[in-house]
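# Close look at the chain arrangement
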Amino acid sequence: MAAKCLQLGVLTAFMDQTFRYLSRQLAISTLFVTFVMTGVIWLFVAVKAVESIVNRGLSVKLFLMLTTLQLPNFLIQILPISVFIAVLFVYSRLISDREITVLKSAGLSPLALSKPVLLLGLVVTIIVYCLTLYATPLTYKTFRELQWDIRYNLAHIILKEGVFNGFSKDITVYVRERSGENQLKGILVHDSRDHNRPITYHAESGTLVESNNAAKVVLLKGNSIVIDKKNPQINRVIFFDRHILDLADIVQKPALRFREARERNVGELLKLKKEDVGNPRDYGKFVVEGHRRLVSPLTVLGFSLIAIVSLLTGDFSRHGQLKRIMIAVAIFVILVVLNLGLINLSAQNLSLIPALYIGNGLPIILALAILLAPMRLRKWRMRSLGQIQKH
């Protein structure tokens, strides 16, 4: 009896140590893959923004703020992929090193070997739910408001060097060179807000200033050419040392900004009426966005279970391992494509919304059933042998 208790205690300690070891490896791999993928996406965004930072006068601080606000949206796309890759990497390495074979010989079942994956999947699923339900709508709303302010706030007027910048249909500005944020050189401005008396300004230098949301350009050492279309004979050229050009009305800011689906919380999306949506045809997209947020985090758990089930079923030869990895990747791609297709179809036909829940929940149920099958089969065999011995 004492020997059995000692053996049970050793096995329990071994299982706990194995669980901690696998959990640590999975966590490190997931963090590493997430960091790398986030860095690649951020670098791609940064490269696209270099022109705006260098040539158009956008500040680095503003760029960092805009990209930081998009991080939650990046993470909800990256984390399911990161967990899937981490599970494949860690367990395929264990299979290659014959560690899985040793663990199974020690009495660990596929379900016991999968417990670290289940823990990782549940933790990351909860994180993705927090990001999807709370962080992403809030940060994306802040991002859109900042974008809105940049577009319509005259403090962020963008002047690109060496090209004609059209602020509106009535004002065109050419700047030969920019020095600093507001210092301009070689300025040419065509102002046709008064269609009967268009004016063309030319100045050696100038300064773009803003106060109380009213932008002005202070032109230094230049001239203005006034063309009176009604009285062409009085066209004239005026020279000046300093002239202030008011640009207050070049940006017509709408009174209200329509909020996109990604800016709204789930409760609001699910309670929307057609009249609350700008375009009634987009009503389905708003409703499906709410349901998508409720089911999409489940892909983390589904992808992780698909990876572990693919690796722990069948033989453990190197050739078989590569085959199982390819099968897992194929199932992953099929589920991603299927999920995107269901989202698009459900937006057009709201009766298909239950398919979203089935498509995201079914892989989890099937994978768990496969993991539990050997244990149930073993219990059934033991019960059958017990009945045979009684007879």
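None of these values were measured; they are calculated from a predicted model.

Within the protein, the secondary structure is distributed over 10 helices and 6 strands. The buried share of the protein, taken over its 391 residues, is 39%. A separation threshold of at least 6 residues defines the contact pool for the protein, and within that pool the share at least 24 residues apart is 63%. Total accessible area on the protein stands at roughly 22700 Å², and carbon and sulfur atoms take up 64% of it.

Let's shift gears to the confidence of the model for the protein. Mean pLDDT over the protein stands at 80; residues scoring 70 or higher make up 78%. Within the protein, the lowest mean pLDDT, 73, falls on helix α10 (residues 353-390), and the highest, 92, falls on helix α8 (residues 298-312).

By secondary structure assignment, the location of Ile126 is in helix α5 (residues 110-152). Its relative accessible area of 52% is what places Ile126 among the exposed residues.

Of note, Asp191 is situated in strand β3 (residues 183-191). When residues no more than four places from it in sequence are discounted, the contact partners of Asp191 are Asp170, Ile171, Pro198, Ile199, Tyr201 and Leu245.

Now for the packing of aromatic side chains. A complete count under the given rule lists 5 aromatic pairs for this structure. Ring geometry for Phe84 against Phe332: centres 4.5 Å apart, planes inclined by 15 degrees, an arrangement best described as stacked. Here Phe84, found in helix α3 (residues 71-96), pairs with Phe332, found in helix α9 (residues 318-348); they are 248 residues apart in sequence, far enough to count as distant. Ring pairs connect the aromatic residues Phe84, Phe303 and Phe332, which therefore count as one cluster.

With 26 residues, α3 should cover 38 Å at 1.5 Å per step; its first-to-last C-alpha distance of 35 Å lies within 8% of that length. Ile78 marks where α3 bends most, by close to 35 degrees; the proline Pro80 follows one to four residues later. With its phi angle positive at about 65 degrees, Arg98 sits one or two positions after the end of α3.

Below, the discussion takes up the side chain of Arg293. Inspection of the secondary structure assignment puts Arg293 in helix α7 (residues 283-295). With sequence-adjacent residues up to four places away left out, Arg293 is seen in contact with Tyr129, Thr132, Leu133, Pro137, Ala261, Arg262, Glu263, Arg264, Asn265, Val266 and Leu269.

Time to look at the pattern of salt bridges. One pass over the structure, following the stated rule, counts 7 salt bridges. A salt bridge links Arg144 to Glu263, with the nearest nitrogen and oxygen atoms 3.9 Å apart. Placement of the pair is Arg144 in helix α5 and Glu263 in the loop between β6 (236-246) and α6 (266-270), with a sequence separation of 119 residues. Looking at Arg144, the relative accessible area reads 14%, which means it is buried. Assessed through its relative accessible area of 4%, Glu263 is described here as buried. Between Asp282 and Lys285 there is a salt bridge; the shortest N-O distance is 3.7 Å. Exposure remark for Asp282: the relative accessible area of 25% places this residue in the partly exposed category. The class for Lys285 is exposed, based on a relative accessible area of 51%. Through salt bridges with shared partners, a single ionic network connects Arg144, Glu260 and Glu263.

What counts and what doesn't
- Residues numbered from 1 in each chain as written.
- Predicted model: local features only at pLDDT ≥ 70, side-chain atom pairs only at ≥ 80, totals over all residues.
- Heavy atoms only, no water.
- Helix = DSSP H or I, 4+ residues; strand = E, 2+ residues; numbered from the N terminus.
- Buried < 20%, exposed > 50% of the residue type's maximum accessible area, 1.4 Å probe, protein only.
- Contact = heavy atoms within 4.5 Å.
- Areas by Shrake-Rupley, 256 points an atom, 1.4 Å probe, with all protein chains shown as cover.
- pLDDT = per-residue confidence, 0-100.
- Phe/Tyr/Trp six-rings, centres within 6.5 Å; stacked < 30°, edge-to-face > 60°.
- Expected span 1.5 Å × (residues − 1).
- Bend = angle between axes of the 7 residues up to and from the residue.
- Salt bridge = Lys/Arg side-chain N within 4 Å of Asp/Glu carboxyl O.

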